[in-house]
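The lines below spell out each chain.
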Amino acid sequence: MPPELTVVEPPTSTAVEDLHPPAPTRRRRRGALVAVLAGLALAWLAPLAAHALHREWLLLPLVLLATASVLRGGRTLLDRLLLALALLLGAATAGGLLFAVWPWGMRPVPLTGFALTTVVLTAAALRRRPRLPRPGWADLFPVAATAATMIYLSGPWRRTSGLADQLSILARGEDNWRHLALFDVIGRLGGYAFVDPAAAKDQIISQLLYYPQGWHLLAAMLDGFLVPVGAGPRGPDAVAHYAGWTLAGFGLFVLAVNWAAQRISGPIHLLHRAALTVVVCALLLGTQLPRLLLSGYPTEVLGLTLTVLLAALVGRPVAGTREQFVLLVALLVGVGFTYYLFLPPAAVLVLCWVVGHWREALRRWITVLAVGLAGTVLALVAPLLGVLRAEQTEALDVGGGIGARTEAWRALIWLGGIVGIALLVQIRRADPAWRRWLLVCAVGVALPLGIARYNTTSGVEPGYYFIKSTHLATALLIVGAAAVVRLLPAPRLGRSWRAVTASATGILGASLVATLAVTLCGVTGWHHSLLVAHHQTWTQRWVHQDLSLPARVAWVCAEAQRRYPDQPGVTTIVLDRGAYRAYVETLCLSALHGTTARTEAGVYNIVFDEPDRTHEMARRVDGPIRFIVADWRAQRRVHWMLVNDPALRERVTWVPLAVPECDVLPSDPPPPPGTPPTTPAVPACPSTP
């Protein structure tokens, strides 16, 4: 019988001499010393040269390649680069504790010099020469899938023509304004806000002071390699950069899921790799996961990425106990600083790997003990601050929408059932990766089920964080779709009727599975996705959002920022037709002004009921207040407030913001006498979201 046509995978270990290096001679020691000194010199000369040429962005791939060249795990170039990136992300989130207290902040030259110095010294200590594996055919599929997916998902941002359009996209997720403000503040502080709360409390709202800030730190740090960060708020210039790093984070998530699925699948036919790529991308686009992009959850996206990478290393570990454990701990630290809802399952997976490889861990017990203790302490910093200082455990009882809850259960039931059955079939194979991935999926599904049980016991419906936890289970189950594709017959070489039949069956099976995944996930639009509650998928709602006119919230925010810059010591609050609309517009404007801490008292924990809300804001805010009034009803509220409470006249002022006349509905009553005319400021009316 002709053999199956499979891709030959390189051996697990890249070189024998890396595991058992030869004993150094005196000449080798002298040469190694010269190489180390030269490497240390280049570690600082390269950043200085890039800074002199204003090309600091070149230092990012340099650090990535240098780190990858010292690692020995992974079979292909993409494997090595993602492992190096995982290590760097974990190290950078931990390094944020240092950035805020050392004198250089997050400047590119000292950061790069320190990173390259660490790489050189590590290579010298491990006696490893820089080496990178060759790219393989398996690398092409995750890279091509990620590129195609992100070109498609970046469509709305490529259609924007100004600040109002950009803010219209961000306005679809209220959390975007808080993330934008924290991204800007951390860039100015040069480190985590909670490290120096005395300096940060005047720049960011108190509820974000102990929020997990791993993504914001990484985005601000990387952004410093592109543009120099000043001491003041960046205003509109920060919007495009924030959006770029948000898209980049989702792209990294797509790459991680595709790479993990290809890695878990093991050696398979190229046709099956192509089918697996289509299935994974269809599931990514047809589930609730693109909602993270629409609603503005970049921290959760990075937390998902790090947890998926960690799970992939548990499912199919790299060669070398020491390197494997260091990578796992680095990812665990990154999860702790970024989105610690996923920290319990990530910690359980690391513990499962240690228990399953206890003999190897025992041989390296010094490394395992030292790295494990240090990693545990670092991973618990953000959770302990959130629980002890910010009381964030109360958020577990927050409710969620019925549609989102329905989609969460659909993902657990449909994906869990199909992938679970396929994994149970696959565990009969000799490859232990399938048994490990069955355990990984069980741990991932246990998190939302545990939160649902907690919510039910507390007398509430499974809500917000139940839905969030199902996102991790969904991502792990999508990776587990490799078990479904692995069941397909593989084409064979030869001219016999058996080979022809096997080839035809394999091609037909791969095509059928890919077509079903694309259709049932709603990617083509011919059929609504079985995994969402709406007739449109979250991807379609994101990509096809209407940007012909800016949303009213975005237009008011952009126009207010242009016409009324921040006044030091003055609290600026927007008033509009509805209380919630004015609340969101104030969030947006304060994020652009960099004054979220100043406006906190007049924005949060106030009942959305007018006219009492306007008077309550004036009463709670200390010092001068400037109301930007975008509706004649709001003007009337301010007028009557000043009439009824003359003491406020000394510190309360208001300025008009003319909204286009066509925004005033014919059924609206006429404005009060003396109201300034509302002259259109743009040719067309902004649409209401």
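Above this text is the structure in question.
Every value quoted in this text rests on a predicted model; they were computed, and no experiment measured them.

Examining the overall build of the protein chain
1) Next: Assigned secondary structure in the protein chain consists of 31 helices and 3 strands.
2) Next: Counting over 689 residues, the protein chain shows a buried share of 53%.
3) Next: Taking contacts inside the protein chain between residues at least 6 apart in sequence as the whole, the part at least 24 apart equals 78%.

Observations concerning the pairing of strand β1 (residues 571-575)
1) Next: In terms of burial, β1 is largely enclosed, as 5 of its 5 residues are buried.
2) Next: Along β1, one buried face is formed by Thr571, Ile573 and Leu575 and the opposite face, lined by Thr572 and Val574, is buried too.
3) Next: Where β1 lies against strand β2 (residues 625-629), 5 bridges are found, and the strand directions are parallel. In the strand pairing of β2, Thr571 is matched with Ile625.

Here we look at the state of the cysteines
1) Next: Summed over all chains, the structure comprises 1 disulfide.
2) Next: Linked covalently through their sulfurs, Cys557 and Cys588 form a disulfide whose S-S length is 2.1 Å. Handedness of the Cys557-Cys588 disulfide follows from its S-S torsion of about -85 degrees: it is left-handed. You can see Cys557 sitting in helix α27 (residues 552-563) and its partner Cys588 sitting in helix α28 (residues 579-593), a full 31 residues away along the chain. Comparing Cys557 with Cys588, the two get one shared label, buried.

Side note on the nonpolar core
1) Next: Membership of the largest hydrophobic core comes to 174 residues, with the highest contact counts inside it found for Leu167, Phe253, Leu310, Trp437 and Trp542.
2) Next: Top element by residues in this core is helix α12 (residues 237-265). It accounts for 17 residues.
3) Next: Not counting chain neighbours up to four residues away, the residues in contact with Leu310 comprise Leu328, Leu331, Leu332, Ala346, Leu349 and Val350.

Considerations on the sheet that holds strand β3 (residues 652-656)
1) Next: Spatially, β1-β2-β3 is the arrangement adopted by the 3 strands of the open sheet, whose pairing is parallel. Of all the strands in the sheet, the pair left with one neighbour each is β1 and β3. Across this sheet, the average inter-strand angle for adjacent strands is 25 degrees, counted without regard to direction.
2) Next: The strands touched by α28 are β1 and β2; relative to β1, the strand with the most contacts, the crossing angle is about 145 degrees.
3) Next: Of the strands in this sheet, β1, β2 and β3 touch helix α30 (residues 612-620), which is tilted by about 155 degrees from β2.

Details of the packing of helix α21 (residues 402-426) against helix α23 (residues 464-479)
1) Next: Running from amino to carboxyl end, α21 crosses α23 at an angle of 25 degrees, the nearest separation of the two axes being 9 Å. Accordingly, the angle class assigned to the pair α21 and α23 is roughly parallel. Read as a crossing pair, α21 and α23 show a hand that is left-handed. Facing α21, whose interface residues are Ala404, Arg405, Ala408, Trp409, Ala411, Leu412, Leu415, Gly416 and Val419, α23 presents Phe466, Ile467, Thr470, Ala473, Thr474, Leu477 and Ile478.

Scoring rules and cut-offs
Residues numbered from 1 in each chain as written. Predicted model: local features only at pLDDT ≥ 70, side-chain atom pairs only at ≥ 80, totals over all residues. Heavy atoms only, no water. Helix = DSSP H or I, 4+ residues; strand = E, 2+ residues; numbered from the N terminus. Buried < 20%, exposed > 50% of the residue type's maximum accessible area, 1.4 Å probe, protein only. Contact = heavy atoms within 4.5 Å. Pairing = 2+ DSSP bridges. Disulfide = S-S within 2.5 Å. Core = buried A, V, L, I, M, F, W, Y, C linked by side-chain atoms within 4.5 Å. Axes fitted to C-alpha atoms, helices over the stretch in contact; angles between N-to-C directions. Parallel < 35°, antiparallel > 145°, perpendicular 65-115°, else oblique. Left-handed = near helix turned anticlockwise from the far one by under 90°.

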